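# Examining the three-dimensional arrangement
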Amino acid sequence: MGTDVQIVVIKCKAAVAWEVKKPMVIEQIEVAPPKAHEVRIKIVATGICRSDDHVLSGAFAMPLPMVLGHEAAGVVESVGEGVTCVKPGDHVIPLFVPQCGNCSSCRSTKGNLCSQNDLSEGSGLMPDGTSRFTCKGKNLHHFISTSTFTEYTVVHETSVVKIDASAPLEKVCLIGCGFSTGYGAAVQTAKVERGTTCAVFGLGGVGLSAVMGCKSVGASRIFGVDINKSKFPKAKELGATDCVNPLDYKKPINEVLFDLTDGEGVDYSFEVIGRTDTMTAALASCHQNYGTSVIVGVPPSASEIAFDPMLLFTGRTWKGSVFGGWKSKDSVPKLVSDFIGKKFVLDPLITHTLPFEKINEGFELLRSGKSIRTVLTF
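In what follows, the accompanying structure is described. (Residues numbered from 1 in each chain as written. Predicted model: local features only at pLDDT ≥ 70, side-chain atom pairs only at ≥ 80, totals over all residues. Heavy atoms only, no water.)

### Remarks on the overall build of the protein chain
From N to C terminus, the protein chain includes 11 helices and 18 strands. In terms of overall size, the protein chain behaves like a compact globule, its C-alpha atoms giving a radius of gyration of 20 Å where 378 residues would be expected to give roughly 21 Å. Along the three orthogonal principal directions, the C-alpha set of the protein chain runs to about 70 × 40 × 35 Å. Burial statistics for the protein chain: of 378 residues in total, 55% are counted as buried. Looking at the protein chain alone, contacts between residues at least 24 apart form 71% of all its contacts between residues at least 6 apart. Surface summary for the protein chain: the accessible area is close to 15,700 Å², and the carbon and sulfur share equals 53%. (Helix = DSSP H or I, 4+ residues; strand = E, 2+ residues; numbered from the N terminus. Rg over C-alpha atoms; globule rule 2.2 N^0.38 Å. Buried < 20%, exposed > 50% of the residue type's maximum accessible area, 1.4 Å probe, protein only. Contact = heavy atoms within 4.5 Å. Areas by Shrake-Rupley, 256 points an atom, 1.4 Å probe, with all protein chains shown as cover.)

### Concerning the pattern of salt bridges
One pass over the structure, following the stated rule, counts 18 salt bridges. One salt bridge in this structure joins Lys22 and Glu19, with 3.4 Å as the shortest N-O distance. Accessibility expressed as a relative area gives 43% for Lys22, which makes it partly exposed. Lys251 is the partner of Asp259 in a salt bridge, and the nearest nitrogen-oxygen pair spans 2.5 Å. In this structure Asp259 comes out as partly exposed when scored by relative accessible area, which is 48%. Under the relative-accessibility criterion, Lys251 is labelled partly exposed at 40%. (Salt bridge = Lys/Arg side-chain N within 4 Å of Asp/Glu carboxyl O.)

### With respect to the packing of helix H1 (residues 50-57) against helix H11 (residues 359-367)
The geometry of H1 relative to H11 is characterised by a closest axis approach of 11 Å and an angle of 100° between their N-to-C directions. Compared by their axis directions, H1 and H11 come out roughly perpendicular. Along the contact surface, H1 presents Arg50, Asp52, Asp53 and Leu56, while H11 presents Phe363, Leu366 and Arg367. Within the contact of H1 with H11, the residues separate by chemical class into 3 nonpolar, no polar and 4 charged. (Axes fitted to C-alpha atoms, helices over the stretch in contact; angles between N-to-C directions. Parallel < 35°, antiparallel > 145°, perpendicular 65-115°, else oblique. Nonpolar A, V, L, I, M, F, W, Y, C, P; charged D, E, K, R; others polar.)

### Describing helix H10 (residues 328-340)
A rise of 1.5 Å per residue sets the reference length of H10, with its 13 residues, at 18 Å; its end C-alpha atoms lie 18 Å apart and thus fit the reference within 8%. Within the span of H10, buried status applies to Ser328, Ser331, Val332, Leu335, Val336 and Phe339. Buried residues of H10, seen end-on, are gathered within an arc of 135° and therefore sit on one face of the element. Looking at the buried side of H10, the elements it contacts are strand S6 (91-94), strand S10 (160-162), helix H3 (169-172) and helix H4 (178-190). (Expected span 1.5 Å × (residues − 1). Arc of directions from axis to C-beta.)

### Considerations on the nonpolar core
Judged by nonpolar contacts, the single largest core of 75 residues is most densely connected at Phe149, Ile175, Phe179 and Phe270. Ranked by residue count, the leading element in this core is helix H5 (residues 205-216), at 6 residues. Sequence-distant contacts of Phe179, that is, excluding residues within four places in its chain, are made with Leu174, Gly184, Ser209, Met212, Leu335, Phe344, Leu346 and Leu349. (Core = buried A, V, L, I, M, F, W, Y, C linked by side-chain atoms within 4.5 Å.)

### Re the pairing of strand S9 (residues 152-156)
The buried count for S9 comes to 5 of 5 residues, which makes it a mostly enclosed element. As defined by bridge partners, strand S3 (residues 38-47) adjoins S9 across 5 bridges and the pair is classed as antiparallel. Note on S9: the bridge partner recorded for Val39 is Val155. (Pairing = 2+ DSSP bridges.)

Take a look at the structure:
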C-alpha cells in the first residue's frame with residue numbers, strides 16, 4: 001500500500017462468541033489495519049462448519065471471546081507493508097492451515113501442517129501474539145488464523161491465497177475447509193485406488209466430500225455410515241453405493257461392515273465425525289492387514305482412546321488428515337480452477353444460504369441435522 005494511503009480502523013458487524021454454550025452475538029467491532037505482512041479482507045461468503053460449533057459446545061477448547069469462522073471467500077481490502085502475494089481487489093480464500101514455505105512440514109513433500117498453524121496451540125492470536133479485533137473495549141481472539149464470521153478480518157500473508165476472480169465466492173468458500181478436507185482425505189491422504197472398497201463415517205459436508213473423493217478415483221464400493229438416515233439420499237447421489245445406519249443392527253458397526261464385505265473389511269475407512277468411539281470403530285472396520293483408516297473429524301480436546309493394539313499389529317494403518325493433506329497455498333487455487341472446470345460439484349453440499357445476521361439459525365440447522373452446509377452471505 002505504501003505510506004501514501006491512509007489505512008484506518010474499520011467498524012463493522014461480526015458474530016462474537018462471548019462464552020461457551022451461548023448463541024453468538026452480532027456486535028459492532030473494530031478491525032485494526034493490517035500490520036507488516038498482514039492482509040485485511042472483506043468477507044463475501046462464509047460457511048458454517050462443525051468445527052466452529054465444537055468451539056461453542058466446549059468440545060474444541062479455544063480462548064473466548066472469539067470471532068469464529070474459518071471457511072470463507074472474500075476480497076482484499078488492504079495490505080500491510082511487505083505483502084507481495086496479494087493486492088487490494090484480489091479475490092481470496094483465507095487458509096486455516098497456513099503455508100509459510102520454510103518450516104519442515106512445508107519443505108517436506110509429505111507434509112502440509114505448517115508450523116505457523118494455530119490449530120495445535122489454540123492461542124487465538126495473530127503470529128505476533130496480538131489481536132486485530134476489539135469490541136466494547138475488549139480484545140477478541142482470532143480463530144485458527146482466519147476468523148471469518150465478520151464483515152472484515154485480518155490474516156497473516158501466509159494464511160491467504162489469491163483465486164480466479166471468475167469463481168463464485170458463495171460456492172468456492174467451501175474449498176476453504178469442508179470440501180477440500182473430505183475430498184483430500186480420500187485422494188491425497190489415503191490415496192484411494194480404483195476398484196477398492198471404502199467406508200465413510202459421518203455424512204455431513206466433509207463426509208460427503210470424502211464420498212466424492214472416493215468416487216472420483218473409481219472406488220468400487222463406498223459405504224456411507226450415519227445414524228441420521230435423512231443423509232442417505234444425498235450420499236447416494238454423490239457416489240455412496242451402500243448406506244448403513246448402525247442403529248439398525250444389534251452388532252457393532254465394524255462387524256456389520258465385515259459381513260457386508262465377505263468378512264474382509266473395507267480397504268479404506270474415514271472417520272468424519274470427531275468422536276473417539278467412531279474412530280476405533282472405523283479402524284476396526286478396515287482390512288486387518290492392509291486396511292487404512294483416516295481420522296478426519298476434530299477430536300474433542302480432553303479425549304483419549306483405549307483400543308486393542310492387535311488391531312494395528314496385524315498390519316492396519318491409522319492416520320490423521322488435516323485440511324485433506326493439501327499444502328494450502330499450492331492447492332486451493334488449483335481446486336478452485338478444477339471447480340470452474342467442472343471436475344467436481346459443490347452445489348449439492350450447500351443446502352441453505354442465509355444472510356449473515358441469521359448465523360445462529362444456521363447453527364441450529366446444523367445441530368438438528370437439517371443442513372449439510374449453510375453459507376452466510378454479507
